[in-house]
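Here are the chains, one letter per residue:
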Amino acid sequence: MIEIRNIYKDLPDASSNEVFQQIFDNEFIKIERIISKGQSSPDNFWYDQMWGEWVLLIEGFAKLEFQNDGIIGMSPGDYLYIPPNKKHRIIFTTPDKETIWLTIFIKSL
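Please read these numbers as outputs of a predicted model, since none were measured by experiment.

Asker: Please explain unusual backbone geometry as it appears in this structure.
Answerer: Glycine aside, residues mostly have negative phi angles, and peptide bonds mostly take the trans form. Although it is not a glycine, D10 sits at a positive phi angle of roughly 55°. By relative accessible area, which is 72% here, D10 ends up exposed. Here the phi dihedral of N68 falls at roughly 70°; this positive angle occurs in a residue that is not glycine. Its location among the elements puts N68 in the loop between β4 (62-66) and β5 (70-74).

Right, dumping it as structure tokens:
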């Protein structure tokens, strides 16, 4: 049976910790809904992922920093692709309401 879900419904409480929810996963892609509320990456921490990551900001506002490439701000509707092993970190998410991300990880073949 086909089941319809809504990206905005049943949001978990992210006030103390960012929440990662897997929506779909197979041998080629992984899709997650991420809910942030004021969280950012720890100082001196960089994501360095082996998979490419397509990111869509659905709600809220965020700032990402890319090693050697500066800082970018993201607003609802903004999307980008982060190549594998591109070091990046989150330096800001909206503290007074949820920031909702949709991420698609493209697994290496």
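Asker: Quick question: what am I supposed to make of the pattern of salt bridges here?
Answerer: It is possible for side chains of opposite charge to pair when their charged atoms get near one another. If you walk through the whole model with that rule in mind, you get seven salt bridges. Note that D25 and K107 form a salt bridge whose closest N and O atoms lie 2.6 Å from each other. Placement of D25 in strand β1 (residues 19-25) and of K107 in the segment after β8 (99-106) is noted, with a sequence separation of 82 residues between them. A salt bridge links E98 to K37, with the nearest nitrogen and oxygen atoms 4.0 Å apart. Here K37 lies in the loop between β2 (29-36) and β3 (52-59) and E98 lies in the loop between β7 (88-93) and β8, a separation of 61 residues in the sequence.

Asker: Would you mind showing me how to read the layout of surface pockets here?
Answerer: It is a probe the size of a water molecule, rolled over the atoms, that shows where empty space is left. Put simply, the largest pocket is a space of about 290 Å³. Among the elements that make up the lining of the largest pocket, the one with the highest residue count is β1 (three residues). When its residues are assigned to classes, the lining of the largest pocket shows two nonpolar, three polar and four charged. When its volume is computed, the second largest pocket comes out at roughly 250 Å³. Forming the walls of the second largest pocket are 18 residues, and the residues nearest its centre are F20, I34, Q49, E53 and F105. Considering only residue class, the lining of the second largest pocket consists of 11 nonpolar, three polar and four charged.

Asker: Would you take a moment to explain the environment of N44 for this structure?
Answerer: With respect to the helices and strands, the residue N44 is situated in the loop between β2 and β3. Remark: the alpha-carbon pair of N44 and R89, spanning 45 residues in sequence, is separated by 9.1 Å.

Asker: I would appreciate a short explanation of the sheet that holds β2 in the present structure.
Answerer: Note: strands within a sheet are paired through backbone hydrogen bonds, in either parallel or antiparallel orientation. Pairing is antiparallel in the open sheet, where five strands are placed in the order β1-β2-β8-β3-β6. Edge positions in the open sheet fall to β1 and β6 (79-82), since each of these has one partner strand only. The average undirected angle you get between the axes of adjacent strands in this sheet is 20°. Note that β1 and β2 share six bridges and pair antiparallel. Counterpart to V19 in the pairing with β2 is I35.

Conventions and cut-offs
Residues numbered from 1 in each chain as written. Predicted model: local features only at pLDDT ≥ 70, side-chain atom pairs only at ≥ 80, totals over all residues. Heavy atoms only, no water. Buried < 20%, exposed > 50% of the residue type's maximum accessible area, 1.4 Å probe, protein only. Helix = DSSP H or I, 4+ residues; strand = E, 2+ residues; numbered from the N terminus. Salt bridge = Lys/Arg side-chain N within 4 Å of Asp/Glu carboxyl O. 1 Å grid on protein atoms, 1.4 Å probe; cavity = no way out; pocket = protein on both sides within 12 Å on 5 of 7 lines; lining within 4 Å. Points joined across faces, edges and corners; volume = space filled by probe spheres on them. Nonpolar A, V, L, I, M, F, W, Y, C, P; charged D, E, K, R; others polar. Pairing = 2+ DSSP bridges. Axes fitted to C-alpha atoms, helices over the stretch in contact; angles between N-to-C directions.

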